[in-house]
Amino acid sequence: MAIINNHQQHRFWVLVIIVSISGFSQGMLLPLISSIFEQDGISGTLNGLNATGLYIGTLLVSPFMEAPLRKFGYKPVIIAGGVIVIISLLSFPLWKSVIFWFVLRLFIGIGDHALHFATQTWITSTVSPDRLGRSISIYGLSVGVGFAIGPMFVPLVTIFEGLPFIVSALLTFCAWGLVFTLKNDLPEVMAGTAAAGHFGKRVKATVLVAWIALLGPFGYGFLESSLNAMFPVYALRNGIPLSMVALIIPAFAFGGIISQVPLGILSDKMGRRPVLLIGLGGGMLAFTGAALLSSSAITLMIMFFIGGIFSGSLFSLGVAYMSDLTPNHLLPTGNLLCGIFFSFGSLTGPILGGWVLEVSQQNYLYLFCLFLGTLFLLTLSGKKKVEQEVL
């Protein structure tokens, strides 16, 4: 028993290290490429469109991810994803072109999605339900920490423009190499006629029982992308110094980092839905405060920090809730849908945020109050429907 537990712990921490480096790469690439394009005089619109390559890659590959995982197991999918990311990172310094870099970001989106999908499914399929919230929160924390550290390596571009890409590739290679210490495993397959069901049927079956849990990843993707992409525009238009903008946005991420594990443990004891409601409700109130007190940069930073504490764990809480609601044989599909809904949120956030800024700039922060309030009501009213669908 002790040997089995040690093996499981080793596998868990290897998977956590892998996704933390993946988060680091994503966190570094967003500001790095944006700053390089800005210095080269690339328009803001084209710069923003280029950044969508990561999420488009995720969406394009999603329908094709589940089959190789079920056929070959977790380890080969992680290995393949790592190879794609490493080669793509090393290719950036070879040729600086908006189109070429968009294609590379597309491939990084594909590789990162393979890494996250396989590691996330492996964890949710093997961790006991009473420790699932804690384990997924540690998983989410590792991604968040990596994402937060990534931008700190952007200044390496002053030494040599390709250096940050090379450093990121080397770190990814080191983390990726750890997967070879793991024994491969296969996810549980669907029994009977369901085993022959195509991807669409599995998606429908998963959405029917777990749609309410998918709101968490969607909500987090919306918040993260819109705050990173559009809040600087709102802040600068309202006279907030760039130096303060650089502190306000990380305040949200930092709030999410420190609350991930406590909220995950709390969800193991209280249940996922009550903690999700706390997160959505608290985030809604925090952004309402930010909207009402938006004239002060310090107050904004405090409200963003509080908003991060409550809503910065929506992704990991949603994944844990999905794992509670979804049968084991549909867990790969459920984890896949978490990634898809996160990507949909990540694409929707900047588009809707940009539209609000153009139509009614002063109401930008109220967008997040309305958005989180809507998710709160859906989660609150969705319990009875989910229970009926499960029965």
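Structure's up top.
About the cut-offs
Residues numbered from 1 in each chain as written. Predicted model: local features only at pLDDT ≥ 70, side-chain atom pairs only at ≥ 80, totals over all residues. Heavy atoms only, no water. Helix = DSSP H or I, 4+ residues; strand = E, 2+ residues; numbered from the N terminus. Buried < 20%, exposed > 50% of the residue type's maximum accessible area, 1.4 Å probe, protein only. Contact = heavy atoms within 4.5 Å. 1 Å grid on protein atoms, 1.4 Å probe; cavity = no way out; pocket = protein on both sides within 12 Å on 5 of 7 lines; lining within 4 Å. Points joined across faces, edges and corners; volume = space filled by probe spheres on them. Salt bridge = Lys/Arg side-chain N within 4 Å of Asp/Glu carboxyl O. Expected span 1.5 Å × (residues − 1). Bend = angle between axes of the 7 residues up to and from the residue. Polar contact = N/O pair within 3.5 Å; in protein donor to acceptor, adjacent residues only side chain to side chain.

A.B. asks: Please provide a residue-by-residue account of the environment of isoleucine 21, values included.
C.D. replies: Relative to the helices and strands, isoleucine 21 resides in helix 1 (residues 2-39). Judged by its relative accessible area of 17%, isoleucine 21 falls in the buried class. Spatially, the C-alpha atoms of isoleucine 21 and leucine 236 are 31 Å apart, while their sequence positions differ by 215 residues. Setting aside residues up to four positions removed in sequence, isoleucine 21 forms contacts with Leu171, Thr172 and Ala175.

A.B. asks: Help me get a handle on empty space enclosed by the protein, residues and values and all.
C.D. replies: Applying the stated criterion across every chain, the model contains four cavities of 30 Å³ or more. By volume, the largest cavity is sized at about 70 Å³. Forming the walls of the largest cavity are Ile18, Ile21, Ser22, Ser25, Gly82, Val85, Asp112, Leu115, Thr172, Ala175 and Trp176. Put simply, the parts of the chain that give the lining of the largest cavity at least two residues each are helix 1, helix 5 (74-91), helix 6 (98-126) and helix 8 (163-177).

A.B. asks: Got a sec to walk through the pattern of salt bridges? Specific residues and values, please.
C.D. replies: Enumeration according to the criterion identifies five salt bridges in this entry. The shortest N-O distance in the salt bridge between arginine 272 and aspartate 268 comes to 2.8 Å.

A.B. asks: Can you break down helix 11 (residues 242-270) residue by residue, with the values?
C.D. replies: Between its terminal C-alpha atoms helix 11 stretches 41 Å, which fits the 42 Å expected from 29 residues at 1.5 Å a residue. The sharpest bend along helix 11 comes to roughly 45°, located at serine 259, with the proline proline 262 sitting one to four residues further on.

A.B. asks: Any details on the side chain of threonine 119? Residues and values, ideally.
C.D. replies: Among the structural elements, threonine 119 can be located in helix 6. The exposure class assigned to threonine 119 is buried, which follows from its relative accessible area of 0%. Within the structure, the side chain of threonine 119 is placed 2.7 Å from the backbone oxygen of leucine 115, a separation counted as a polar contact. Of note is the side chain of threonine 119, whose polar atom sits 3.4 Å from the side chain of tyrosine 139. Apart from residues no more than four positions distant in its own chain, threonine 119 is found in contact with Leu15, Val19, Ile78 and Tyr139.

Worth remembering: the numbers are spatial, not functional.
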